[in-house]
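Here is what each chain is made of, one letter per residue.
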Amino acid sequence: MRVLWICNIMLPAVARHLGQEENVKEGWLTGLADRVLFHGNTNEIKLGVCFPVEGEKAGYKEKISVPAGGNKSVLYAYGFYEDTARPEKYDKRLEAAFTEIYKDFRPDVIHCFGTEYPHTLAAVKACKDRKKMLLGLQGICFALADVYFADLPKKVCRRFLFRDFLKQDNLKQQRNKFRKRGEMEKEALRLAKHVTGRTEWDKRTVQAVNSGLQYHFMNETLRPAFYEGQWSYEHCRPHSIFLSQGDYPIKGLHYMLRALPEVLRFYPDAHVYVAGQSLVRYDTLKERLKISSYGKYLLQIIKKEKLEGKITFLGKLNVEDMKKQYLLSHLFVCPSVLENSPNSLGEAMLLGVPCIAAAVGGIPSFFSDKDGILFQGSDPAALTEAILQMWKDPKQQARYSRHARTHALCNHDAEVNYHKLLKIYQNIYFN
């Protein structure tokens, strides 16, 4: 069976072959690709992948031999041009690009990972037989647009700092871009026949757009590194809190900052670590000019609540750095205002890190009150209470850790998920 993947990023296997830096985003694609390529030696699936590239590399095509389980497997790679800096804009030329890729690879099944980019709509439109097109649900833009401001003050959402004006990208404009992407997303879903998802929330949300969609349930396979190693209190930084993202309001970093002062009353050594570049640097003129409206709002909370020295932005983390940070943390927190199934929460669970998550979107479908503590989303007081509850009872914390790891190992079982995916492909191919 010839299966073509349409991805938002270049797979690490292709990046390594081309001598390029590997993209650390959407790491679960790496886990799934490794498993498919490992089984590729049995000829169940011939895998092709296509992905956005820079303009001069548009039309890239190559047959690559990649390591797979001690052997070699073949991967067919294609590059198409997309202005990834402006995902709210539809480029009709993408349809022609996909038409050429389809002609060359001749796929039996086309699996598009994610619905939130314009290339998804172009890929669906270019497909003459849409019964063989499968859309994989990730974040759902039209739903995220509705909650994008995440309780921020109106003046923060509307104002323009120098950076916002220069990029024409203040918070209100960011939300509008999400809405435009959401409209393309809805159009793709209305044209599609098959989707794969993994939560009650994503199923309900997309079937409200197209009740005729055939929904295929499948859990995700995460990056191989997170299946090995296990958290222990003895090797963590006591009272350290880790957030995997915080670069825009939906991720809820401001809720964490507003919850932190009360936590510090009980645990003065508490410290928050956030993956990604600092949003709050304001010491030099250059940093002041680069700060966003959201970053300035975070900085205002930090100064008002005297949180200086209590927040560390860790910069860009590769796989091993992320794993190290999980294992060093006393607590992983997901304070997002809306999520489907955040892979960072799955990674933390796999390692047995004590976890707290907002009970929003699809999170309750895979993270239960036996795995950790669910709290009411968008409520800093509820987040504070959850943190204090987790840390006051070490025995319960250990039980959460064990249960979450067991649950995640089941949900993210690479072999089980591969065979489930194969059945979905066969269902589409033979029907």
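Please read all numbers here as calculations on a predicted model, not as lab measurements.

The rules behind the values
- Residues numbered from 1 in each chain as written.
- Predicted model: local features only at pLDDT ≥ 70, side-chain atom pairs only at ≥ 80, totals over all residues.
- Heavy atoms only, no water.
- Helix = DSSP H or I, 4+ residues; strand = E, 2+ residues; numbered from the N terminus.
- Rg over C-alpha atoms; globule rule 2.2 N^0.38 Å.
- Buried < 20%, exposed > 50% of the residue type's maximum accessible area, 1.4 Å probe, protein only.
- Contact = heavy atoms within 4.5 Å.
- Areas by Shrake-Rupley, 256 points an atom, 1.4 Å probe, with all protein chains shown as cover.
- Lys, Arg positive; Asp, Glu negative; His and termini not counted.
- Charge placed at Lys NZ, Arg CZ, Asp CG, Glu CD.
- Patch = residues over 30% accessible without salt bridge, like charges linked within 9 Å, V, L, I, M, F, W, Y side chains within 5 Å.
- Salt bridge = Lys/Arg side-chain N within 4 Å of Asp/Glu carboxyl O.
- Pairing = 2+ DSSP bridges.
- Right-handed = clockwise from strand over helix to strand, strands pointing away.
- Core = buried A, V, L, I, M, F, W, Y, C linked by side-chain atoms within 4.5 Å.
- Axes fitted to C-alpha atoms, helices over the stretch in contact; angles between N-to-C directions.
- Parallel < 35°, antiparallel > 145°, perpendicular 65-115°, else oblique.
- Left-handed = near helix turned anticlockwise from the far one by under 90°.
- Nonpolar A, V, L, I, M, F, W, Y, C, P; charged D, E, K, R; others polar.
- Phe/Tyr/Trp six-rings, centres within 6.5 Å; stacked < 30°, edge-to-face > 60°.

A.B. asks: What's the story with the overall build of the protein in this structure? I'm lost.
C.D. replies: Scanning the protein from N- to C-terminus turns up 17 helices and 14 strands. Relative to its length of 431 residues, the protein is compact, with a C-alpha radius of gyration of 22 Å against a globular reference of 22 Å. Along the first, second and third principal axes, the C-alpha set of the protein runs to 65 × 50 × 45 Å. Out of the 431 residues in the protein, the part that is buried amounts to 57%. Contacts in the protein between residues at least 24 apart in sequence constitute 72% of all its contacts with a sequence separation of at least 6. If you sum the accessible surface of the protein, you get close to 19,300 Å²; carbon and sulfur atoms cover 50% of it. Of the charged side chains in the protein, 63 are positive and 48 negative, and the gap between their average positions amounts to 3 Å.

A.B. asks: Just to check I follow, could you spell out a nonpolar patch on the surface for this structure?
C.D. replies: Taken together, the side chains of F162, L166, L285 and L289 make up a nonpolar region of the molecular surface, amounting to roughly 430 Å² of accessible area. For the nonpolar patch, the secondary structure elements donating two or more residues are helix 7 (162-167) and helix 11 (285-290). Mapping F162 onto the fold places it in helix 7.

A.B. asks: What exactly am I supposed to notice about the pairing of strand 8 (residues 214-217) here?
C.D. replies: It is a general feature of regular strands that their side chains alternate between the two faces of the sheet. Across 4 bridges, strand 7 (residues 194-197) lies against strand 8 in parallel orientation. Residue pairing across strands places V195 opposite Y215, the latter belonging to strand 8. Since strand 7 and strand 8 lie parallel, the crossover through helix 9 (residues 200-207) that links them has a hand, and here it is right-handed.

A.B. asks: I'm lost on the nonpolar core in this one. Help?
C.D. replies: Nonpolar side chains in soluble globular proteins tend to be buried together. Membership of the largest hydrophobic core comes to 152 residues, with the highest contact counts inside it found for W5, V14, F98, Y102, M256 and I356. In terms of residue count, the dominant contributor to this core is helix 10 (residues 253-266) (8 residues). Setting aside chain neighbours within four positions, we find V14 in contact with V49, F51, Y60, I64, L75 and A77.

A.B. asks: Is there a simple way to think about the sheet that holds strand 6 (residues 133-136) in this case?
C.D. replies: The strands making up a sheet associate through backbone hydrogen bonding, with each pair oriented either parallel or antiparallel. Strand order in the open sheet formed by 8 strands is 3-4-2-1-5-6-7-8, with mixed pairing between adjacent strands. Each edge of the open sheet is held by one strand with a lone partner, namely strand 3 (61-68) and strand 8. Geometrically, the sheet is characterised by an average inter-axis angle of 25° between neighbouring strands, direction not taken into account. Note: strand 2 (residues 46-53) against strand 4 (residues 71-81), 7 bridges, orientation parallel. Its bridge partner being in strand 4, L47 is matched across the sheet by L75.

A.B. asks: Looking at this structure, how should I read the packing of helix 3 (residues 93-105) against helix 4 (residues 118-126)?
C.D. replies: Working note: a packed helix pair is described by the angle between its axes plus the distance between those axes. Between helix 3 and helix 4, whose axes approach to 8 Å, the crossing angle comes to 55°. Comparing their axes, helix 4 and helix 3 come out oblique. With respect to the hand of their crossing, helix 3 and helix 4 are arranged in right-handed fashion. The segment helix 3 lies against helix 4, with L94, E95, F98, T99 and Y102 engaging P118, H119, A122, A123, K125 and A126. Its residues assigned to classes, the contact of helix 3 with helix 4 comprises 7 nonpolar, 2 polar and 2 charged.

A.B. asks: So what exactly am I meant to see when it comes to the pairing of strand 1 (residues 2-6) here?
C.D. replies: Within strand 1, 5 of the 5 residues are buried, which leaves it mostly tucked inside the rest of the structure. By the alternation rule, side chains of strand 1 split into R2, L4 and I6 and V3 and W5, which are all buried. For strand 1 and strand 2, the ladder comprises 5 bridges, and the chain directions are parallel. Along strand 2, the bridge assignment pairs I6 with C50. Pairing of strand 1 with strand 5 (residues 109-113) involves 4 bridges; the strand directions are parallel. Residue L4 lies in a different strand from strand 5, and its bridge partner there is I110.

A.B. asks: Even after reading the chapter, I still don't get the packing of aromatic side chains, so can you show me in this structure?
C.D. replies: Any two aromatic rings considered together are summarised by their centre-to-centre distance and by the angle between their planes. As enumerated under the stated definition, the model contains 15 aromatic pairs in all. Each ring, one from Y148 and one from F178, has its centre 5.0 Å from the other, and the planes form 50°; the classification is tilted. With Y148 in the loop between helix 5 (141-146) and helix 6 (154-158) and F178 in helix 8 (residues 171-191), this residue pair connects regions lying 30 residues apart in the sequence. Accessibility expressed as a relative area gives 11% for F178, which makes it buried. Between the aromatic rings of Y326 and F332, the centroid separation amounts to 5.7 Å while the plane-to-plane angle is 55°, which identifies the pairing as tilted. A relative accessible area of 1% means that F332 is categorised as buried. Following the ring pairs from residue to residue traces out a cluster consisting of F226, F242, Y326 and F332.

A.B. asks: Sorry, what's going on with the sheet that holds strand 13 (residues 355-358) here?
C.D. replies: The 6 strands are arranged 11-10-9-12-13-14 in an open sheet whose pairing can be described as parallel. Single-partner strands in this sheet number two, and they are strand 11 (311-313) and strand 14 (373-375). Averaged over all pairs of adjacent strands, the angle between their axes in this sheet comes to 20°, without regard to strand direction. Across 2 bridges, strand 9 (residues 240-243) lies against strand 12 (residues 331-334) in parallel orientation. From the neighbouring strand, I241 faces strand 12, where its bridge partner is L331. Across the face of the sheet, helix 15 (residues 380-392) comes into contact with strand 9, strand 12, strand 13 and strand 14 while running at roughly 165° to strand 14.

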